[in-house]
Amino acid sequence: MREATELTRKRILEAATKEMLKVGYQEASMRKIAADAGVTAGALYKHFPGKKEIFEAICDDVINQLFAMQKQLLPDDLEQKTDEELLYLFRQKASVKMLAGFKEYFPILQMIVLHGNPEYYARKKAEYLEFSVSYSVRYYEELYRRGLTKKKYSINEVYMLSQAEFLALCTFLENTEHQGSMDEGSVQAYETLLRIVQIGIQIDSGMALS
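Residues numbered from 1 in each chain as written. Predicted model: local features only at pLDDT ≥ 70, side-chain atom pairs only at ≥ 80, totals over all residues. Heavy atoms only, no water.

> Explain the nonpolar core here, please?
Note that soluble globular proteins tend to have their nonpolar side chains buried in a common cluster. Judged by nonpolar contacts, the single largest core of 62 residues is most densely connected at M20, I54, I58, Y139 and Y140. The biggest single contributor to this core is helix α4 (residues 51-73), with 10 residues. Apart from residues lying up to four places away in sequence, I54 is in contact with I12, L13, A16, M20, M30, L44 and F48. (Core = buried A, V, L, I, M, F, W, Y, C linked by side-chain atoms within 4.5 Å. Buried < 20%, exposed > 50% of the residue type's maximum accessible area, 1.4 Å probe, protein only. Helix = DSSP H or I, 4+ residues; strand = E, 2+ residues; numbered from the N terminus. Contact = heavy atoms within 4.5 Å.)

> Explain the packing of helix α9 (residues 155-175) against helix α10 (residues 184-205) here, please?
When two helices pack together, their arrangement is given by the angle between their axes and by how far apart the axes lie. Where α9 contacts α10, the axes come no closer than 10 Å and their chain directions differ by 170 degrees. Taken as axis vectors, α9 and α10 run roughly antiparallel relative to one another. Here L161, E165, A168, L169 and F172 of α9 come into contact with α10, specifically with S186, V187, Y190, L193, L194 and I201. Class assignment of the residues belonging to the contact of α9 with α10 gives a composition of 9 nonpolar, 1 polar and 1 charged. (Axes fitted to C-alpha atoms, helices over the stretch in contact; angles between N-to-C directions. Parallel < 35°, antiparallel > 145°, perpendicular 65-115°, else oblique. Nonpolar A, V, L, I, M, F, W, Y, C, P; charged D, E, K, R; others polar.)

> What is the right way to read the packing of aromatic side chains from this model?
Two aromatic rings, taken as a pair, are described by how far apart their centres are and by the angle between their planes. Taken as a whole, this structure holds 9 aromatic pairs when the rule is applied. Ring plane angle 85 degrees and centroid distance 5.4 Å describe the contact between F55 and Y120, whose orientation is recorded as edge-to-face. Of this pair, F55 sits in helix α4 while Y120 sits in helix α8 (residues 118-145); the two residues are 65 residues apart in sequence, bridging distant segments of the chain. Judged by relative accessible area, F55 falls into the buried class, the value being 0%. Here K51 stacks its cationic end above the ring of Y25, 5.2 Å away from the centre of that ring. (Phe/Tyr/Trp six-rings, centres within 6.5 Å; stacked < 30°, edge-to-face > 60°. Lys NZ or Arg CZ within 6 Å of the ring centre and 35° of its normal.)

> In this structure, what is going on with the packing of α4 against α8? I would like to understand it.
Put simply, α4 and α8 touch, their axes get as near as 11 Å, and they point 15 degrees apart. As the angle between them shows, α4 and α8 are arranged roughly parallel. α4 and α8 meet at a crossing whose hand is right-handed. Residues K52, F55, E56, C59, D60, I63, F67, Q70 and K71 of α4 pack against E119, Y120, R123, K124, E127, Y128, F131 and S132 of α8. Residues that form the contact of α4 with α8 fall into these classes: 7 nonpolar, 2 polar and 8 charged. (Left-handed = near helix turned anticlockwise from the far one by under 90°.)

> Just to check I follow, could you spell out the layout of surface pockets for this structure?
Rolling a probe over the atoms, with the probe sized like a water molecule, indicates the empty space that remains. Considered as a void within the structure, the largest pocket measures approximately 630 Å³ in volume. Mapped onto the lining of the largest pocket, the elements with two or more residues apiece are α5 (83-91), α6 (94-100), α8, α9 and α10. Looking at the lining of the largest pocket element by element, the count peaks at 7 residues for α8. For the lining of the largest pocket, the class distribution of residues is 18 nonpolar, 6 polar and 2 charged. Space inside the second largest pocket adds up to approximately 180 Å³. Lining the second largest pocket are K10, L13, E14, T17, K18, A57, I58, D61, V62, Y105 and I108. Mapped by element, the contributors of at least two residues to the lining of the second largest pocket are α1 (2-23) and α4. The biggest single contributor to the lining of the second largest pocket is α1, with 5 residues. Per-class residue counts for the lining of the second largest pocket are 6 nonpolar, 1 polar and 4 charged. (1 Å grid on protein atoms, 1.4 Å probe; cavity = no way out; pocket = protein on both sides within 12 Å on 5 of 7 lines; lining within 4 Å. Points joined across faces, edges and corners; volume = space filled by probe spheres on them.)

> Honestly, the side chain of T17 in this entry has me stumped. Any pointers?
Note on placement: T17 falls in helix α1. Excluding its chain neighbours within four sequence positions, the residues that come into contact with T17 are I58 and I108.

> What's the story with the pattern of salt bridges in this structure? I'm lost.
Under the defined criterion, the tally for this structure stands at 16 salt bridges. Through salt bridges with shared partners, one network takes in K52, E56, E119 and R123. (Salt bridge = Lys/Arg side-chain N within 4 Å of Asp/Glu carboxyl O.)

What follows is the structure in structure tokens.
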């Protein structure tokens, strides 16, 4: 019984993913999702109260993996890292590595940003920025404490930098919308922007980066 229930839920999510990727969250039809999944409307609503819950079930798995990768690339024990290890974190371009690891889920990321539920997008953006700002403040404070930078960034400055990086990601997703995948030219443009921001931070902070 439990296996049948899980199988039905899986079919609903698969059908909903196809429908929402095709027409977007707002235009997605619950009737069509039920028909494509081969279930009745009653069975669909037994698993999911509404379209919002289906959308979040589709997206949460991808977003949770994205956040997990972010935390994996950004170690928590900054105080125990050597100077070279700290400076490597600055060089590694975590945002680009995260995108490269999510090619398979790229259409879903596009859907969330461009054609998804605005409330869900705003909530996940806030979660992303909260972690990014909190981590970056700790990181730049540690660099400053060790004399690896000459400037100590304020929370407002770090927030603006994190917001700029997030907006760059959204622009990247928008530019590649019609391709449905990450084309080389767009990836290069995104990397160029991040490199320019990186060089700007290095110069502005007086970072001792060889």
